[in-house]
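# Residue-level structural notes
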Amino acid sequence: MRGAARRSANINVMFKAVEKAAYGLKRDFGEVENLQVSMKGPADFVSAADHRAEKRLREELERSRPGYGFLMEEGGEIKGSDPEHRWIIDPLDGTTNFLHGIPHFAISVALQKGDEIIAGIIYDVAKDEFFWAEKGVGAYLDNRRLRVSGRRRLNECVLACGVPHIGHGDHAAFEKQLHSVMDRCAGVRRMGAASLDLAYVAAGRFDGYWESHLNAWDIAAGLLMITEAGGYVRDAKGGTNMLGTGSVVAANDYIQPVLAKTLKKVVTE
């Protein structure tokens, strides 16, 4: 990974932790293709890789900020002696992609102070893209400042979404939403890693994104990234508690209300 502009002490701490965890994931990803042809398959191996990455992240962050708490995908919530600060960690977002040898997955780390996310990193391991943001400082891809897309017409937009899979989400409601959005936009993409979907909105690669039934570790860093890139984020009901509701509708301030209205209309019909 390369240096970044105007990194604070917190971002540097996060950067070093992510870099160490990424080294292991890169090595583990190299083994997945070999395991695809085995009788047992790679599922157990990938689960172990996930846990190893989380362990490395926790060890590094704890060493630098020993009083901070944690909210982790695998390890759950761990209270710290500092009641104000906690790390929110997804050590391997895009596990299914990783499992199938698809090079689109990320490490996501956010720092929460009180009720606010104040710093976040999303590292695309396979593509070596380091997205980061800090409250009041902006959002960056390596050294380059990020801005959300400036498009103002939904029919010109490419949007990202999450598709519910077996045993998860409301499939019927999603199908209605998808059909409604597809009729009004230039294209819809489903990439399989929520953190990167949010980072791509911040970078202007996607014009918007929506998904429900998400966890805090999926979205914490990305929410800050979008707002620091000049974007607009709300949950499906128009509220601001995305970490609590697990739903996100994100875009620039022109497209987000239109997208939100489109999604809400088909659900209430």
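Here is a short report on the structure shown in this document. Note that this is a predicted model, so its numbers are computed, not measured. Counting restarts for each chain: residues are numbered from 1 in the order of the written sequence. Where totals are concerned, whole chains, interfaces and linings use all residues; where local detail is concerned, this predicted model gives features only for residues with pLDDT of at least 70, and gives and counts side-chain atom pairs only at 80 or more. Heavy atoms from the whole structure form the basis of all side-chain values; hydrogens and water molecules are not counted.

## Focus: the overall build of the protein chain
Secondary structure assignment for the protein chain yields 8 helices and 13 strands. For 269 residues, the compact-globule estimate of 2.2 N^0.38 gives 18 Å, and the C-alpha radius of gyration of the protein chain, at 18 Å, lies within 12% of that figure. Taken along the three principal axes of its C-alpha coordinates, the protein chain extends 50 × 50 × 35 Å. Out of the 269 residues in the protein chain, the part that is buried amounts to 51%. Contacts in the protein chain between residues far apart in sequence, at least 24 positions, make up 62% of those at least 6 positions apart. Secondary structure elements are defined from DSSP: runs of H or I of at least 4 residues count as helices, runs of E of at least 2 residues count as strands, and each element is numbered from the N terminus. Our radius of gyration is a C-alpha quantity, and the globule rule it is checked against amounts to 2.2 Å times the number of residues to the power 0.38. Classification of residues uses two cut-offs on accessible area relative to the type maximum, computed with a 1.4 Å probe and protein chains only: under 20% is buried, over 50% is exposed, and between them is partly exposed. Two residues form a contact once any of their heavy atoms are found within 4.5 Å.

## Some thoughts on unusual backbone geometry
Its identity is not glycine, yet Asp128 carries a phi of approximately 55°, on the positive side. With respect to the element layout, Asp128 can be found in the loop between strand S5 (116-124) and strand S6 (129-134).

## Remarks on helix H4 (residues 171-182)
To estimate how far a helix should reach, multiply one less than its number of residues by 1.5 Å. Under the 1.5 Å per step criterion, the end-to-end length of H4 is 16 Å for 12 residues, consistent within 8% with the ideal 16 Å. Buried residues of H4: Phe174, Gln177, Ser180 and Val181, and no others. Burial along H4 is one-sided: seen end-on, the buried residues are contained in an arc of 130°. When we speak of the arc, we mean the arc of directions from the helix axis to the C-beta atoms.

## Regarding the layout of surface pockets
A water-sized probe rolled over the atoms picks out the places where empty space is left. Throughout, the protein atoms alone are placed on a 1 Å grid, and a set of points is a cavity if a 1.4 Å probe fits but cannot get out or a pocket if it is open with protein on both sides within 12 Å along at least five of seven lines; lining residues have an atom within 4 Å of a point. Grid points are joined across faces, edges and corners, and a volume is the space filled by probe spheres set on the points. There is about 1200 Å³ of room inside the largest pocket. Lining the largest pocket we find 44 residues, and of these Gly162, Glu211, Ser212, His213 and Leu214 sit closest to its centre. For the lining of the largest pocket, the secondary structure elements donating two or more residues are strand S3 (85-93), helix H3 (95-99), H4, helix H5 (194-202), strand S11 (208-211), helix H6 (216-228), strand S13 (248-251) and helix H8 (255-268). Looking at the lining of the largest pocket, the element that brings in the most residues is H8, giving 4 residues. Any residue outside Ala, Val, Leu, Ile, Met, Phe, Trp, Tyr, Cys, Pro, Asp, Glu, Lys and Arg is labelled polar, Gly included; the first ten of those are nonpolar and the last four are charged. Taken together, the residues that form the lining of the largest pocket break down as 17 nonpolar, 16 polar and 11 charged. One number sums up the size of the second largest pocket: a volume of about 400 Å³. Taken together, 15 residues form the lining of the second largest pocket, with Asp115, Ile117, Leu223, Thr240 and Met242 sitting closest to its centre.

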